[in-house]
Amino acid sequence: MTEINERVVVYPGTFDPITMGHLDIINRALELFDKVVVAVARHPSKTPLFTLEERLQMIEQCFKGTDKKVEIEAVSGLLVEYAFNKGAKSIVRGLRAVSDFEYEFQLALMNRRLQRHVETVFLMTGFRWIYISSSIIKDAAQHGGDVTGLVPEHVQHNLKEKYGLT
Ligand code: COA
């Protein structure tokens, strides 16, 4: 059996693209765990705007030059198996509003059924970010809306480039 390291947590998502809300969860998780593994799902069913490589790079850029213990990896297959093999005892998910609860509840219980050694922990997203999602940011950016402060600067730039607005 893989050695379980209780201080490593996996933060999964599509991150298409990463937002200040996601970064808020990563920073909160870093206060509680030694290392956060950001697991970027391919998620072909969501038909992401950014390629997997682009999504990984955008997250990497957020932590470049910092000493934050963040590892960024693509994940395919079952998330709980990935977490278990990584030696992580837990998965972290952010909760923004009541509307997130039903889906997160389902996901957490299914994950528990699939791998009982991996627990899901929930962190409350900072109040400033409770209304944002990657989709709403993409929608605003696509129509020329200003998303300053909702995503890191380089992500804002990449969004403009994707939508041919530069
Ligand atoms: N701030 C801002 N936005 C947030 C947020 C936060 N703190 N937390 C979630 N969101 C948004 C995301 O931007 C995303 O928005 P979008 O739908 O507009 O893109 C939405 O909430 C939820 O996305 P995300 O957190 O990226 O999760 P997901 O639902 O895209 O990903 C996985 C779900 C990847 C965790 C899940 O599909 C998975 O585990 N896949 C692996 C395969 C597997 O094991 N399946 C069995 C699961 S039981």
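An account of the accompanying structure is given in this report. Values in this document were obtained by computation on a predicted structure and should not be read as measured data. Sequence order as written defines residue numbering, which begins from 1 separately in each chain. Whole-chain, interface and lining totals are the exception, using all residues; otherwise, since this is a predicted model, local features are given only for residues with pLDDT of at least 70 and side-chain atom pairs are given and counted only at 80 or more. Processing note: side-chain calculations cover all non-hydrogen atoms of the structure and skip hydrogens and water entirely.

We count a salt bridge whenever a side-chain nitrogen from Lys or Arg sits within 4 Å of a carboxyl oxygen from Asp or Glu. All chains considered together, the criterion is met by ten salt bridges. Where Arg-28 meets Asp-24, a salt bridge forms, and the shortest distance between an N and an O atom there is 2.9 Å. Taken as a pair, Arg-28 and Asp-24 lie in helix H1 (residues 20–32) at a separation of four residues, close to a single helical turn. Accessibility here uses a 1.4 Å probe with only protein chains present; expressed as a share of the type maximum, an area under 20% marks a residue as buried, one over 50% as exposed, and anything in between as partly exposed. Judged by relative accessible area, which is 13%, Asp-24 ranks as buried. Between Glu-73 and Lys-86 there is a salt bridge, with its nearest N and O atoms 3.1 Å apart. Within this pair, whereas Glu-73 is found in strand S3 (residues 70–75), its partner Lys-86 is found in helix H3 (residues 79–86), the two being separated by 13 residues in sequence. Each helix is a run of DSSP H or I of at least 4 residues and each strand a run of E of at least 2, with the numbering of both proceeding from the N terminus.

For the rest of this paragraph, the subject is helix H6 (residues 153–162). When we look at burial in H6, the residues that qualify are His-154, Val-155, Gln-156 and Leu-159. Next to the buried residues of H6 lie helix H2 (52–63) and helix H5 (134–142). Count one or two residues on from H6 and you reach Gly-164, which has phi positive near 65°. Whether two residues are in contact is decided by their heavy atoms, any of which lying within 4.5 Å being enough.

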